[in-house]
Amino acid sequence: MDSKRYRVGKKVNLSKLPTDDTGKLSREDSEAETLEIGLELAKLQDRLYAESKQSLLVVLQARDAGGKDGTVKHVFELINPQGVIVTNFKVPNEEDLKHDFLWRIHPHTPAAGMIAVFNRSYYEDVLVTRVHDLISDKEAEQRFKHIRHFEDLLASRGTRILKLYLHISSEEQRERLQERLDDPEKNWKFNPSDLKERARWPEYTSAYEDALSATSTDAAPWYVIPADHKWYRNRVIATLLLDTLREMNPQYPEPEFDLTNVAVGAI
Ligand code: AMP
Ligand code: MG
């Protein structure tokens, strides 16, 4: 599978990009392949951790019920939890709001050897804030510039950045939100404000198109992942992670002392 085919450039038109792609795979095959990819991912992650030079940042963005939590659960469970830190970014608190919008983000960027997953991110500061008219278009443009510089900074320190927009259709969102109402075990996930945000579907579409177009760079490209089918979404993301880690090609470090005459004796 060419996972890079979902990469987008400087003119993103979401209505032209598929939400329901399946790559002509069956669900069964796809799930089995995802698990297999996981074994390879775990090996590369072990090297990344041991090498402790490079790091990987995965930014997950989506509309409500778009599958961010499911992606964390089903894709990142394939990797040793010790090497992964997931951060959920919620509404900024009072202290956050006294600083620039990247202040609360920076401490969560991945240390050498680590994979960081952002479940929502600083992109909310150019999405929800725009849809709710909390910032002007001019401020949004400034923030795009700051974001590009911030991501360049991280890249120059050895952080690979993958930004994933989980692309679902409005019908798929309707079904998933309805399920949260119908299934008692999913009730806790339902937030009445999700319906208000859903009503602003077109505003979110244009905010996403602007943000993706302005910030899909070589250092930090965006991928628009077809996400109506969860199993295909997982499969594409696992492949993308695999291809990325292979390109990063982490190596076990050379031992710092001569091991040839060392043995572990009995005690
Ligand atoms: P959830 O991901 O469903 O737990 O919801 C988190 C909420 O926090 C969403 O409604 C986001 O839009 C909101 N949120 C996250 N980051 C920001 C931000 N920087 N500014 C405003 N709202 C945010
Ligand atoms: Mg929510």
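Everything quoted here is computed from the prediction, not taken from an experiment.

A.B. asks: Help me understand the overall build of the protein chain, please; the structure alone is not making it clear to me.
C.D. replies: Across its full length, the protein chain carries eight helices and six strands. When the helices and strands of the protein chain are listed from N to C terminus, the series reads β-α-β-α-β-β-α-α-β-α-α-α-β-α. A compact globule built from 267 residues should have a C-alpha radius of gyration of about 18 Å, and the protein chain, at 20 Å, falls within 12% of that. Along the longest, intermediate and shortest principal axes, the C-alpha atoms of the protein chain span 70 × 45 × 35 Å. For the protein chain, with 267 residues in total, the buried portion stands at 48%. Summarising the internal contacts of the protein chain: among those between residues at least 6 apart in sequence, 83% fall at separations of at least 24. For the protein chain, the distance from the average site of its 38 positive side-chain charges to the average site of its 45 negative ones is 3 Å.

A.B. asks: Can you help me understand the nonpolar core in this one?
C.D. replies: Buried together is how nonpolar side chains tend to be arranged in soluble globular proteins. Core analysis: the biggest nonpolar cluster contains 33 residues, and Leu56, Phe76, Ile115, Leu164, Ile225 and Leu241 have the highest contact counts within it. For this core, the secondary structure elements donating two or more residues are α1 (27-51), β2 (55-62), α2 (68-76), β4 (115-119), β5 (159-167), β6 (222-226) and α8 (230-248). Once you skip the residues sitting within four places of it in the chain, phenylalanine 76 turns out to touch Val58, Thr71, Val84, Ile115, Val117 and Leu241. Residues Val12, Ala116, Tyr208 and Ala220 belong to the second largest nonpolar core, which totals 30 residues.

A.B. asks: Could you clarify how one ought to interpret the site of ligand 1 in this entry?
C.D. replies: As a matter of local geometry, ligand 1 sits amid Phe89, Lys90, Val91, Pro92, Arg104, Arg120, Glu124, Asp125 and Val128. A distance of 2.3 Å separates an oxygen atom of ligand 1 from a polar atom in the side chain of lysine 90. Its free accessible area being 500 Å², ligand 1 has 73% of it covered by the protein chains. Its residues placed into classes, the shell around ligand 1 shows four nonpolar, no polar and five charged.

A.B. asks: Before we go on, may I ask you to explain α8 in this structure?
C.D. replies: Turn by turn, an α-helix covers 3.6 residues, leaving residues three or four places apart pointing in a common direction. Here α8 is 19 residues long and its end C-alpha atoms lie 27 Å apart, about the 27 Å a rise of 1.5 Å per residue gives. Counting buried positions along α8 yields 16 of 19 residues, so the element is predominantly enclosed.

A.B. asks: I would appreciate a short explanation of the pattern of salt bridges in the present structure.
C.D. replies: A side chain of one charge can pair with a side chain of the opposite charge when the charged atoms of the two come close. A complete count under the given rule lists 19 salt bridges for this structure. In this structure, aspartate 69 and lysine 189 form a salt bridge, with 3.8 Å as the shortest nitrogen-oxygen distance. Of this pair, aspartate 69 sits in helix α2 while lysine 189 sits in the loop between α5 (170-182) and α6 (193-199), and the two are 120 residues apart along the sequence. With a relative accessible area of 28%, lysine 189 lands in the partly exposed category. Among the ionic pairs, arginine 176 bridges to glutamate 172, the shortest N-O distance being 2.8 Å. Placement of both arginine 176 and glutamate 172 in helix α5 is noted, with a separation of four residues, approximately one turn of the helix.

A.B. asks: Would you mind showing me how to read the packing of aromatic side chains here?
C.D. replies: Two descriptors summarise a pair of aromatic rings, namely the distance from one centre to the other and the angle between the planes of the rings. Under the counting rule described, the total for this entry stands at seven aromatic pairs. A ring pair is formed by tyrosine 122 and tyrosine 123, whose centres lie 4.9 Å apart and whose planes are at 35°; its orientation type is tilted. Judged by its relative accessible area of 0%, tyrosine 122 falls in the buried class. Put simply, the rings of Phe89, Phe118, Tyr122, Tyr123, Phe150 and Trp222 pair up and form one aromatic cluster. Between the NZ or CZ atom of arginine 63 and the centre of the ring of tryptophan 201, over which it lies, the distance is 3.6 Å. For arginine 143, the ring lying beneath its charged end belongs to phenylalanine 101, and the centroid distance is 4.8 Å.

A.B. asks: Looking at this structure, how should I read the environment of leucine 240?
C.D. replies: For leucine 240, the position within the fold is in helix α8. A sequence separation of 155 residues divides leucine 240 from isoleucine 85, and the C-alpha atoms of the two residues are 18 Å apart. Not counting residues within four places of it along the chain, the set of residues in contact with leucine 240 comprises Ser3, Leu162, Leu164, Tyr223 and Ile225.

A.B. asks: What is the right way to look at the sheet that holds strand β3 (residues 84-88) in this model?
C.D. replies: By way of backbone hydrogen bonds, the strands of a sheet pair with one another, either parallel or antiparallel. Ordered by their spatial adjacency, six strands build an open sheet running β1-β6-β5-β2-β4-β3, and the pairing between neighbours is mixed. The sheet is open, and its two edges are formed by β1 (7-8) and β3, each paired on a single side. Those strands touched by helix α4 (residues 137-156) are β2 and β5, and its axis lies near 135° from that of β5. Strands β2, β5 and β6 of the sheet are contacted by helix α7 (residues 201-215), whose axis makes an angle of about 135° with β6.

A.B. asks: For this particular structure, what's the right way to read the environment of lysine 68?
C.D. replies: Within the element layout of this structure, lysine 68 appears in helix α2. Along the backbone, lysine 68 and leucine 164 are 96 residues apart, and their C-alpha atoms lie at a distance of 9.6 Å. Aside from chain neighbours lying at most four places away, what touches lysine 68 is Leu60, Gln61, Ala62, Arg63, Asn119, Arg120 and Leu166.

Parameters and conventions
Residues numbered from 1 in each chain as written. Chains lettered and ligands numbered in written order. Predicted model: local features only at pLDDT ≥ 70, side-chain atom pairs only at ≥ 80, totals over all residues. Heavy atoms only, no water. Helix = DSSP H or I, 4+ residues; strand = E, 2+ residues; numbered from the N terminus. Rg over C-alpha atoms; globule rule 2.2 N^0.38 Å. Buried < 20%, exposed > 50% of the residue type's maximum accessible area, 1.4 Å probe, protein only. Contact = heavy atoms within 4.5 Å. Lys, Arg positive; Asp, Glu negative; His and termini not counted. Charge placed at Lys NZ, Arg CZ, Asp CG, Glu CD. Core = buried A, V, L, I, M, F, W, Y, C linked by side-chain atoms within 4.5 Å. Near = heavy atom within 4 Å. Polar contact = N/O pair within 3.5 Å; in protein donor to acceptor, adjacent residues only side chain to side chain. Areas by Shrake-Rupley, 256 points an atom, 1.4 Å probe, with all protein chains shown as cover. Nonpolar A, V, L, I, M, F, W, Y, C, P; charged D, E, K, R; others polar. Expected span 1.5 Å × (residues − 1). Salt bridge = Lys/Arg side-chain N within 4 Å of Asp/Glu carboxyl O. Phe/Tyr/Trp six-rings, centres within 6.5 Å; stacked < 30°, edge-to-face > 60°. Lys NZ or Arg CZ within 6 Å of the ring centre and 35° of its normal. Pairing = 2+ DSSP bridges. Axes fitted to C-alpha atoms, helices over the stretch in contact; angles between N-to-C directions.

Shape is all these values report; function is a separate question.
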